[in-house]
Amino acid sequence: MAKPTTPRPSRAKAKAAAPAAGADHNRPRPDTPKDYKATKEELLEFYRQMVLIRRFEEKAGQLYGLGLIGGFCHLYIGQEAVAVGIQSALQPGKDSVITGYRDHGHMLAYGIDPNVIMAELTGREAGISRGKGGSMHMFSVEHKFYGGHGIVGAQVSLGAGLGFAHKYNNDGGVCVAYFGDGAANQGQVYESFNMAELWKLPIIFVIENNQYAMGTSVNRSSAEDQLYRRGESFRIPGIQVNGMDVLAVRGATEEALKWVQAGNGPILLEMKTYRYRGHSMSDPAKYRSREEVQSMREKSDPIEGVKKYLADLGVLEDELKKIDQDIRKIVSDAADFAETSPEPELHDLYTDVLVEQY
Amino acid sequence: MGIEIKMPALSPTMEEGTLAKWLVKEGDEVRSGDILAEIETDKATMEFEAVDEGKIGQIMVAEGTEGVKVGTVIATMAADGAGEGGETAQAPKAAESAPPAAPEAAPAPRKAESGTSKLATEAKATVKDPALPEGTEYIKTTVREALRDAMAEEMRRDERVFVMGEEVAEYQGAYKVTQGLLEEFGDRRVIDTPITEYGFAGIGAGAAMGGLKPIVEFMTFNFAMQAIDHIINSAAKTNYMSGGQMRCPIVFRGPNGAASRVAAQHSQNYGPWYASVPGLIVIAPYDSADAKGLLKAAIRSDDPVVFLENELVYGRSFDVPKVDDYVLPIGKARIVREGKDVTLVSYSIGVGVALEAAEALAGEGIDAEVIDLRTLRPLDTATVLESLKKTNRLVVVEEGWPVCSIASEIAAVVMEQGFDDLDAPVLRVTNEDVPLPYAANLEKAALIDAARVVAAAKKVCYR
């Protein structure tokens, strides 16, 4: 059983419209997505957001080590291109997003204030959930970011519900429901696929396949390890995307939005990506080799990838250094804020259990 | 010789029905499998097939007759002449079911009486809602209709309210609670789901987070165990975990508790389970007025509500006040019978049992007060403690298991806050601490009944 795992995201070209054996070839399918053609300004913004996530998560890791952050803390380092590429294609205030517990990166990509995110990680009154949610349970209804859910796979059904609400209200919005390769084996995911396609709900299911569900690699847990095919038996088309390349991610998202907004129902995007850190802060990650991680960092790092694109457009290293410095300041300020903000008042223990008084 | 055709029981809870239509007439030859008649139960109109072959003799119950008890002879049939070709197998069977010697004397098969027959009493509250003005008109309504009316009224009032669940739309509800809603509101708002409780509970909760007001029907709460993660982890905890930002105004409703002869996996009271969860509202009404007024309140609430109904009382009729918008407060118990000697506390179907016991106790000179908790979370302990001050004796009646029950909770509250008012220990009358068995006699032994309540009440009264 000890098959060596060889993740291949860097070589995984977008495989669209590749129906599984036996699928109905006459059914309409989305077009094969093309890499997004970003302007220099857009690329700089992608770079800025991805570096912000990377530095923020590194800082969160440090604060965890210092005991300022407790419990479970799942870092997004390595996966930045996924959240940044997808969010950049969405319409703020119209489209909704929901994800699992690895949620810091998504919130930052959504433009939510790093201070209130970091303060939630340290369990302070100023945190986005007033210190009562922590790393895994953060929400911003204002940004249509619906969490931040701690139960593996729950966000998929809840996301289908958000898609249901878009359709019911006929508001033109699309829900993006993110989940991991681990959650992809939960039963409720398939219950949701079935109803989402049956009712043609406007939802993009995004599998962030970072190769490991905690310590179990995809090919040790999944009979069909090509996860983009997991919707086929529900007639949900799937596209496999290089999740380490922000332009590939953005391009695939555009295609997915086109499909969903045309009333075709849901679509599934499998983002092949990689997390550099352990599953959570307490994971020693003995299930993979140091060389494997090192190889991914050297060959496929999403931030280095954007740097290359920027260099091709003649952006100088100095310009990026300026961005890096600004971000270090933002992150360091967020950490200071999170460390110095007061904890919730004791009476907050009893608030917000219910909305109404009975 | 003649075969008696009897009014069949077409559902586990059917006791009588309407003989809607005869599809055969006297003298018709019928073969096994032919449809003889259409029979209306409390839930549906069913076709009744011939089991035996032969000629219809006499039709004893005319079509259109209502309230025909199960087991009543509705027609007779002359058996086919034996011995013709392949029909021989029929002859001994017919002879067996109707011995030629003395058909009248044939011993009636011993009907297995469900233990639930003693649960579903006709008992009604003797105290009307004091909030209603003198002279309010009341309309006899079944619990089933009251629930339907509540949903229909709230759907008319608020466009965000919709109903989803298994068989709620085209089938008109597995227990006919959603009857007519599809017709009035259409398939955008009355939605049939696949059999996929975990999935649709999650979709409902997500839709609520997205600003809608879903009513999710579980065919029974037994099946909600597949979905309990969303009820608790998604619906109940989100408001707290989000620091009050993200609400989940949803109603999970459906029948709960023991049904009739359906055994352990389909007979459980989940009241104590859900009532233990902060962040949920849990309601378990007994009669039609409370079912209506509380379901309307549940739909309007901004909190997630678990609304526990009871299949055995769906078909019972009670008075519902004829007022425009009958909404009851959540979290308020109701004194359904006043008394001074002992307090009987119950909820849901147990209230009927407690009322029946109170009637019996009155015959023995014990004046029992009966409290219907109506809401299990938040629990109206004030009303219970107030009554205890007057009676000094308390028995909790609960159609459910004894361990970690609502009865246990009431006993604990009374110990902590009403100890000085107690003249006797609090007693619990609950089901036996076993999975509910199928066999009629065992089922009967496992479930509460008025006699057990009477015995407990006498014990605390030292009588």
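Going along each chain's sequence as written, the residues are numbered from 1 onward. Each chain takes a letter, starting from A, and each ligand takes a number, starting from 1, following the order in which they are written. Reporting in this predicted model follows two pLDDT cut-offs: at least 70 for local features of residues, and 80 or more for side-chain atom pairs to be given and counted; totals over whole chains, interfaces and linings ignore these cut-offs and use all residues.

Colleague: Could you give an account of the overall build of chain B, naming the residues involved and the relevant values?
Modeller: When you go through chain B residue by residue, the secondary structure sums to 13 helices and 22 strands. For the C-alpha atoms alone, the extent of chain B along its principal axes is close to 80 × 60 × 45 Å. Within the span of chain B, comprising 463 residues, buried residues form 51% of the whole. For chain B, long-range pairs separated by at least 24 residues make up 76% of all intrachain contacts whose partners lie at least 6 apart in sequence. Helix and strand labels come from DSSP, where a helix needs a run of H or I of at least four residues and a strand needs a run of E of at least two; each type is numbered from the N terminus. Whether a residue is buried, exposed or partly exposed follows from its count of other C-beta atoms within 10 Å of its own C-beta, namely 20 or more, 12 or fewer, or something in between, respectively; the C-beta atoms are built from the backbone. Remark: residues whose backbone-derived C-beta atoms lie within 7 Å of one another are considered to be in contact.

Colleague: I'd like a description of the confidence of the model for chain A, backed by residues and values.
Modeller: Residues of chain A with pLDDT of at least 70 account for 93%, and the chain-wide mean is 92. The predictor attaches a confidence to each residue, called pLDDT, with possible values from 0 through 100. Note that residues 1-12 of chain A has pLDDT below 50 and, in this model, 21 contacts with residues that lie over four places away or in other chains.

Colleague: Mind laying out the interface of chain B and chain A, listing which residues take part and the relevant values?
Modeller: In this complex, chain B contributes 37 residues to the contact, which on the side of chain A involves 33 residues. The greatest single-element share of the side of chain B that touches chain A, amounting to 10 residues, is contributed by helix α4 (residues 197-209) of chain B. As a working rule, the residues Ala, Val, Leu, Ile, Met, Phe, Trp, Tyr, Cys and Pro are called nonpolar, Asp, Glu, Lys and Arg charged, and the rest polar, with Gly in that last group. Residue composition of the side of chain B that touches chain A, grouped by class: 14 nonpolar, 19 polar and four charged.

Colleague: Could you give me a rundown of the sheet that holds strand β15 (residues 305-309) of chain B, with the residues and numbers involved?
Modeller: Residues and elements named next belong to chain B. Strand order in this open sheet of seven strands is β11-β10-β12-β13-β15-β14-β20, and the pairing throughout is mixed. One side of each edge strand has no neighbouring strand; the edge strands of this open sheet are β11 (190-192) and β20 (375-377). Between one strand axis and the next, the sheet turns through 20° on average, direction left out of account. Here strand β10 (residues 161-165) runs beside β11; their pairing, made up of three bridges, is parallel. Residue pairing in the sheet places glycine 165 in a bridge with aspartate 192 of β11. The criterion for strand pairing is that DSSP finds at least two bridges linking the strands in question. Each axis is a line fitted through C-alpha atoms, and for a helix only the stretch in contact is used; angles between axes span 0 to 180 degrees, taken between their N-to-C directions.

Colleague: Explain the packing of helix α4 (residues 114-121) of chain A against helix α11 (residues 317-340) of chain A to me, and be specific about the residues and the numbers.
Modeller: Residues and elements named next belong to chain A. As a packed pair, α4 and α11 sit with axes 8 Å apart at the nearest point and diverge in direction by 45°. When the interaxial angle is binned, α4 and α11 end up oblique. Pair α4 / α11 crosses with right-handed handedness. In this structure, α4 contributes Pro114, Asn115, Met118, Ala119 and Leu121 to the contact, and α11 contributes Ile330, Val331, Ala334, Ala335, Phe337 and Ala338. A per-class count over the contact of α4 with α11 returns 10 nonpolar, one polar and no charged. Convention used here: angles under 35 degrees read as roughly parallel, angles over 145 as roughly antiparallel, angles from 65 to 115 as roughly perpendicular, and any remaining angle as oblique. In a left-handed crossing the near helix is turned counterclockwise from the far helix by less than a right angle, and in a right-handed crossing that turn is clockwise.

Colleague: Which residues make up the environment of B:Ala9, and what values do they have?
Modeller: All names here are of chain B. You can see alanine 9 is positioned in the loop between β1 (2-6) and β2 (16-22). When the 16 C-beta atoms within 10 Å are taken as the criterion, alanine 9 is described as partly exposed. The sequence separation of alanine 9 and glycine 71 amounts to 62 residues, and the corresponding C-alpha distance is 7.8 Å. With residues near it in sequence (within four places) discarded, alanine 9 still touches Met14 and Val70.

Colleague: Help me get a handle on helix α5 (residues 154-169) of chain A, residues and values and all.
Modeller: Residue and element names in this part refer to chain A. End to end, α5 covers 23 Å across 16 residues, agreeing with the expected 22 Å (1.5 Å per residue, within 8%). Where burial is concerned, most of α5 is hidden: 15 out of the 16 residues are buried. Remark: asparagine 170 follows α5 within two positions and exhibits a positive phi of approximately 50°. Expected span, for any helix, means 1.5 Å times one less than how many residues it has.

Colleague: Outline unusual backbone geometry, supporting the account with residue identities and numerical values.
Modeller: In this chain, A:Gly147 is followed by A:Gly148 through a cis amide linkage whose omega measures 20°. Assignment of secondary structure puts A:Gly148 in strand β2 (residues 145-148). Note the cis peptide between B:Arg377 and B:Pro378, where omega equals -5°. Look at A:Ala285: it is not a glycine, yet its phi comes out positive at around 55°. Residue placement: A:Ala285 occurs in the loop between β8 (267-272) and α9 (290-300). Although it is not a glycine, A:Asp352 adopts a positive phi angle of roughly 65°. Relative to the assigned elements, A:Asp352 resides in the segment after α11.

Colleague: How would you explain the sheet that holds strand β18 (residues 342-346) of chain B if you had to name every residue and give the values?
Modeller: Residues and elements named next belong to chain B. The five strands lie next to each other as β17-β19-β18-β21-β22, forming an open sheet whose pairing is mixed. Two strands close off the open sheet at either side, each with one partner strand: β17 (334-337) and β22 (427-430). On average, adjacent strands in this sheet sit at an angle of 25° to one another, irrespective of strand direction. One ladder, built from five bridges, connects β18 with strand β19 (residues 368-372); its direction is parallel.

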